[in-house]
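# Fold and contact review
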Amino acid sequence: MSVSPLSPLVSASLARASGDPDWLAAARAAGLERYAKGGLPSRAEHLWRYTDPVRLVPGSAPSDPETRFGDLPPDFADGTFERASAYAIARDGVLLRAAVDPLIAHLGFLVEDLRAAAASRRALVEPRLFALRDTCDGAGGRFDDLAAALFTGGTFVHVPRGVTLDRPVRIAHRVGGGFAASRSLVVAEAQCTATVVIDLSSAAETDAGTLHETIEIHVGRGAELRVVFVQRLGDRATHAPVVRSRVERDGVLDTVTVALGGGLVKSLQTVELAEPGARANALGIVFADGRRHLDHHTFLDHAAPSTSSDLDYRAAVAGRSRSSFTGRLRIPAAGARSSAHQSNRNLVLADTARADAIPELEILTNDVSCSHAVATSPIDEEQLHFAMTRGLSPADARKLIVLGFFEPALEKIPPGMLADGVREVLERKLGAAS
Amino acid sequence: MTERRLCAAADLPPGAVRVFEVGPWSLAAARVANAVHVVENRCSHDDGPLGAGRLVEGASGSAEIECPRHGARFELATGRASRMPAVSPIERFPARVSGDDVLVDIPEDA
């Protein structure tokens, strides 16, 4: 694969911008310019140590998005709203349909296409879209810029001040075999409470598409937002997600990231705790089998005093797969009286699989409470033995132990949504891997 | 396994190392005398880009490739790690020159 010439990307960006308001077209152009000027990150840079950035460079211009979604996920009860406050489906980055429970539509929360919202709700969108590009040192910005220039669409979720959504917003996103770029914006205004559940899958298991995806999350003062990402792409898909978040005074952001698929995944998640009292809890589970290469980077920036964070990423690797986790935690002098905990645990299920863990703690003040932990090991023989003395076969004992290892994150997925599907996928993969 | 064309034989002169992206694989191909070797472009120690490394002669006279990152070496004919810091072998793929082409066998599940 060679680095593609820029000209098809320029024309694609211009074509995408043709229906956009001027400010968005200008932002696309700026993104493309930065992408073109930036140069590829060097393999010597630590974030690209394990993943060659060349493999994320699109070989062609974005393909035209498919307009049919296919079968809906099993937990998707579009139209009945028993489990969700709103449903949305997206294909290749474009929102195809979105519906809000009519009984609570008067609350004024929005789930709609981002590009349409950019045109019709400029006051809500413009101040926030792209606003997090330079937070957390602009880490990973190059491919974020690419997604800015080329995004075909995405979801805009807006929860107004003081509104509590008792059921999650459920979004399903499916990608095909081409190159797609998407961008979504989630805004939780002050004092609101909401949960957003997004799952990403391939239209066909053999689709070898590439998705560059940026999601920007704004958590307002005193707001509580939980966002659940479940990635179940096919074996050949490439996924480069960039999730950037900013949390204001006394706001709480809970994220649950589940990565089960994709042949090559390079994920970046940043959180800026921008004002005192802001809190972030980030749980992640990664299961890699076959020849998957999953590379996750997190960056938590305690930019204000008395902020707190708790990050727990867990990976299980089987077959000849790879998982890399690089977790950066920064507490500058301005972040005094903050507390932070970071842990990364890896279960290695095969001699040919590998997990790399690199915690990076940059603590520039003494007035903090910080801890971190990293562990990498095969399944404990004693645990296996104990489970087998209870009558389980070795394969079932392994399944039980791995599922138990992931359970703290799975418990955070809203009831009736995806958790059972994730367990099924894990059980199937573990059955095949053992 | 599927045998596929990697490049023209003329594009891989003796003593050269080149990198090819084939589906999900990044491969390093080298030609030593008349033999063509194809290995994964990834050091088993720290994922260094082997294809950017140089060809060297090992202690036993075998052709080896040296990782540019930390100097680990691998025997091209077997994939065996012959020098620290790498200890695990790298994957290698059967390759041959057929007429004007270099052909390589890649596993189906790739």
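The following refers to the structure shown. Keep in mind it's a predicted model, so treat the numbers as computed, not measured.

Here the focus is the overall build of chain A. Along chain A, the regular secondary structure elements total 8 helices and 19 strands. Seen through its C-alpha atoms, chain A measures out along the principal axes to roughly 65 × 50 × 50 Å. Across the 434 residues of chain A, 60% fall into the buried class. Of the contacts made within chain A by residues no fewer than 6 positions apart, 84% connect residues no fewer than 24 positions apart.

Further remarks concern the pairing of strand 11 (residues 101–106) of chain B. Residues and elements named next belong to chain B. Counting buried residues along strand 11, 5 of its 6 residues qualify, which places the element largely inside the surrounding structure. Relative to strand 11, strand 1 (residues 2–8) runs antiparallel, the two sharing 6 bridges. When the bridges of strand 11 are listed, Thr2 appears paired with Ile106. Linkage of strand 10 (residues 95–98) to strand 11, two consecutive antiparallel strands, is achieved through a turn of 2 residues, within which Gly99 is found at a positive phi near 60°.

Another point: the packing of aromatic side chains. All chains considered together, the criterion is met by 6 aromatic pairs over all chains. Pairing Tyr313(A) with Phe325(A) gives two aromatic rings, centres 5.0 Å apart and planes at 25°, and the pair type is stacked. Here Phe325(A) lies in strand 16 (residues 322–331) and Tyr313(A) lies in strand 15 (residues 308–317), a separation of 12 residues in the sequence. Take Tyr313(A) and Phe325(A): they sit in the same class, and that class is buried. Look at Trp25(B) and Phe93(B): their rings are 4.9 Å apart centre to centre, the planes differ by 75°, and that puts the pair in the edge-to-face class. Here the residue Trp25(B) occupies a position in strand 3 (residues 25–32), and Phe93(B) occupies one in strand 9 (residues 92–93), the gap between them amounting to 68 residues. With a relative accessible area of 2%, Phe93(B) lands in the buried category.

Residues and elements named next belong to chain A. Contact geometry of helix 2 (residues 22–38) with helix 5 (residues 141–150) gives a least axis separation of 7 Å together with a crossing angle of 145°. When you trace helix 2 past helix 5, the crossing you get is left-handed. Between helix 2 and helix 5, the residues in contact are Arg28, Gly31, Leu32, Arg34, Tyr35 and Gly38 and Arg142, Phe143, Asp145, Leu146, Ala148, Ala149 and Leu150, respectively. Looking at side-chain class alone, the contact of helix 2 with helix 5 contains 7 nonpolar, 2 polar and 4 charged residues.

Residues and elements named next belong to chain B. Overall, antiparallel pairing links the 4 strands, which are arranged 2-3-4-9 in an open sheet. The open sheet is flanked by strand 2 (17–22) and strand 9, the only strands paired with a single partner. In this sheet, strand 3 lies alongside strand 2 in antiparallel orientation, the contact comprising 6 bridges. Looking across to strand 3, one finds that Arg18 is bridged to Ala29.

Now for the interface of chain B and chain A. At the junction of the two partners, chain B supplies 17 residues and chain A supplies 12 residues. Together chain B and chain A conceal approximately 1300 Å² of surface at their shared face, both sides included; 28% is due to carbon and sulfur atoms. The interface formed by chain B and chain A includes 4 salt bridges. Among the ionic pairs, Arg322(A) bridges to Asp47(B), the shortest N-O distance being 2.3 Å. Taken together, chain B and chain A are joined by 11 residue pairs in polar contact (both at pLDDT 80 or more). Partitioned by chemical class, the residues of the side of chain B that touches chain A number 6 nonpolar, 3 polar and 8 charged.

Rules used throughout
- Starting afresh in each chain, residues are numbered from 1 along the sequence in its written order.
- Following the order in which they are written, the chains are lettered starting with A and the ligands numbered starting with 1.
- Note on the predicted model: pLDDT of at least 70 is required for a residue's local features to be given, and 80 or more for side-chain atom pairs to be given and counted; whole-chain, interface and lining totals, by contrast, use all residues.
- In computing side-chain properties, one takes all heavy atoms of the structure into account and sets aside hydrogens as well as water.
- Elements are defined by DSSP. Helices are runs of H or I of four residues or more, strands are runs of E of two residues or more, and each kind is numbered from the N terminus.
- Think of it in three bands: with a 1.4 Å probe and only protein chains considered, a residue is buried below 20% of the maximum accessible area for its type, exposed above 50%, and partly exposed in between.
- The contact rule is simple, with two residues in contact once any of their heavy atoms fall within 4.5 Å.
- A pair of strands is treated as paired once DSSP finds two or more bridges between them.
- Under the pairing criterion, centres of Phe, Tyr and Trp rings, with the six-membered ring standing for Trp, must be within 6.5 Å; the plane angle then separates stacked pairs below 30 degrees from edge-to-face pairs above 60, leaving the rest tilted.
- Orientation is described by lines fitted to C-alpha atoms, with helices fitted over the stretch in contact, and by angles between N-to-C directions that extend from 0 to 180 degrees.
- Should the near helix be turned anticlockwise from the far one by less than a right angle, the crossing is termed left-handed; should it be turned clockwise, right-handed.
- Under the scheme applied here, ten amino acids are nonpolar (Ala, Val, Leu, Ile, Met, Phe, Trp, Tyr, Cys and Pro), four are charged (Asp, Glu, Lys and Arg), and all others, including Gly, are polar.
- Summed over both partners, buried area is the accessible surface (1.4 Å probe) that two parts give up on being assembled.
- A carboxyl oxygen of Asp or Glu within 4 Å of a side-chain nitrogen of Lys or Arg is what we treat as a salt bridge.
- Pairs of N or O atoms are called polar contacts if they sit within 3.5 Å, as long as, within protein, a hydrogen donor faces a hydrogen acceptor (for residues adjacent in sequence, only side-chain-to-side-chain pairs).

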